[in-house]
Amino acid sequence: MKQRMTKRKSGGQQVYSDSFKILVSREYLTGKFSYSQLAEKYNLPGEATPRYFMKWYQQWESNLDLEVPQIVDSEDPGIKNEQELRDELFEANLKITALEILIKKAEELHGAGLVKKSGAKSSKK
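Here's what I pulled together on the structure shown here. Residue positions are given per chain, counting from 1 as you read along its sequence in written order. Only residues with pLDDT of at least 70 are given local features in this predicted model, and only at 80 or more are side-chain atom pairs given and counted; all residues enter the totals for whole chains, interfaces and linings. Side-chain numbers here rest on the full set of heavy atoms in the structure, without hydrogens or water.

### Thoughts on the overall build of the chain
Stated precisely, the cut-off is as follows: Runs of E in the DSSP output that reach at least two residues are strands. Runs of H or I that reach at least four are helices, and both are numbered from the N terminus. Accessibility here uses a 1.4 Å probe with only protein chains present; expressed as a share of the type maximum, an area under 20% marks a residue as buried, one over 50% as exposed, and anything in between as partly exposed. Two residues qualify as a contact provided that any one of their heavy atoms is within 4.5 Å of a heavy atom in the partner residue. Surface accessibility in these figures is a Shrake-Rupley result with a 1.4 Å probe; residues are shielded only by whichever protein chains are displayed.
Secondary structure assignment for the chain yields 4 helices and 2 strands. When its helices and strands are written in sequence order, the chain yields β-β-α-α-α-α. Within the chain, the proportion of its 125 residues that are buried is 21%. Considering only contacts in the chain between residues 6 or more positions apart, those separated by 24 or more positions represent 51%. Accessible surface computed for the chain: about 10100 Å², of which carbon and sulfur atoms make up 52%.

So, in structure tokens, the structure goes:
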């Protein structure tokens with residue numbers, strides 16, 4: 001994947017979409033890629049860019065205010081352990097990111113908004 005999900009500011013500085021930053025950060029967190037490998041994979045200017053994405057991601061994640069439920073010790077084999085739940089959550093978040101990217105690409109390709117804008121009012125007939 002040699003594409004970047006960016007826009008350019010007037011000064012030539014690139015602006016990356018939040019979903020792209022999340023994607024790159026989550027790939028780094030899997031432990032399979034270094035910063036320099038991610039920079040090469042996504043054609044980023046250097047390893048400082050994915051490193052910045054990670055700092056941004058950690059800040060973004062800390063601002064989510066997710067409420068983590070208390071862990072209850074149970075001997076019920078039907079209850080999943082914390083690591084299994086974290087793995088499922090990670091996979092679900094990757095799917096969300098992939099779908100956001102897919103929607104954005106479809107909008108760019110077809111030139112139409114596919115996502116309903118918040119606050120949009122329906123027309124009265």
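### Digging into the nonpolar core
Side chains of nonpolar character tend, in soluble globular proteins, to be buried together. Using the following cut-off: We call a set of buried Ala, Val, Leu, Ile, Met, Phe, Trp, Tyr and Cys residues a nonpolar core when their side-chain atoms join them within 4.5 Å.
Membership of the largest hydrophobic core is limited to 10 residues, which are Tyr16, Phe20, Leu23, Val24, Leu38, Ala39, Tyr42, Leu44, Phe53 and Ile101. When contributions to this core are tallied by element, the ones reaching two or more residues are α1 (18-29) and α2 (35-41). Sort the elements by how many residues they give to this core and α1 lands first, with 3 residues.

### Some details on α1
Counted only if it meets this: Between the first and last residue of a helix there are one fewer steps than residues, each counted as 1.5 Å, and that sum is the expected span.
Across its 12 residues, α1 extends 16 Å between first and last C-alpha, which sits within 8% of the 16 Å expected from 1.5 Å per residue. Burial runs high along α1: 9 of the 12 residues are buried. Structurally, α1 contributes buried residues whose contacts are with β2 (14-16), α2, α3 (48-62) and α4 (82-110). Looking one or two places after α1, you find Gly31, whose phi comes out positive at around 85°.

### Looking at the side chain of Thr49
Inspection of the secondary structure assignment puts Thr49 in helix α3. A residue is classified by how much of its surface remains accessible, and Thr49, at 13% relative accessible area, is buried.

### Quick look at α4
This is how the line gets drawn: Polar contacts, as counted here, are pairs of nitrogen or oxygen atoms within 3.5 Å of one another; within protein the pair requires one atom able to donate a hydrogen and one able to accept it, and residues that are adjacent in sequence qualify only if both atoms are side-chain atoms.
With 29 residues, α4 ought to run about 42 Å at 1.5 Å a step, and its terminal C-alpha atoms sit 42 Å apart, in line with that. The N-cap residue of α4 is Asn81: its side-chain oxygen and the backbone nitrogen of Gln83 are 3.0 Å apart.

### Thoughts on the packing of α1 against α3
If you want to describe how two helices pack, look at the angle between their axes and the distance between the axes. The following threshold applies: Here, axes are lines fitted to C-alpha atoms. For helices the fit covers the stretch in contact, and angles between N-to-C directions go from 0 to 180 degrees. When an angle is under 35 degrees it counts as roughly parallel; over 145 it counts as roughly antiparallel; between 65 and 115 it counts as roughly perpendicular; any other value is oblique. Residue polarity follows a fixed list, in which Ala, Val, Leu, Ile, Met, Phe, Trp, Tyr, Cys and Pro are nonpolar, Asp, Glu, Lys and Arg are charged, and the others, Gly among them, are polar.
Remark: α1 packs on α3, axes separated minimally by 9 Å, with the N-to-C direction vectors making an angle of 100°. Relative to α3, α1 is oriented roughly perpendicular. Along its contact with α1, which presents Asp18, Phe20, Lys21, Ile22, Val24, Ser25, Arg26, Tyr28 and Leu29, the element α3 presents Pro50, Tyr52, Phe53, Met54, Trp56, Tyr57 and Trp60. Split by residue class, the contact of α1 with α3 holds 12 nonpolar, 1 polar and 3 charged.

### Observations regarding the side chain of Glu27
Looking at the element boundaries, Glu27 is found in helix α1. For Glu27, the side chain forms a polar contact with the side chain of Lys41, separated by 2.7 Å. Ignoring anything within four residues of it in the chain, the contact list for Glu27 reads Lys32, Phe33, Leu38, Lys41 and Tyr42.

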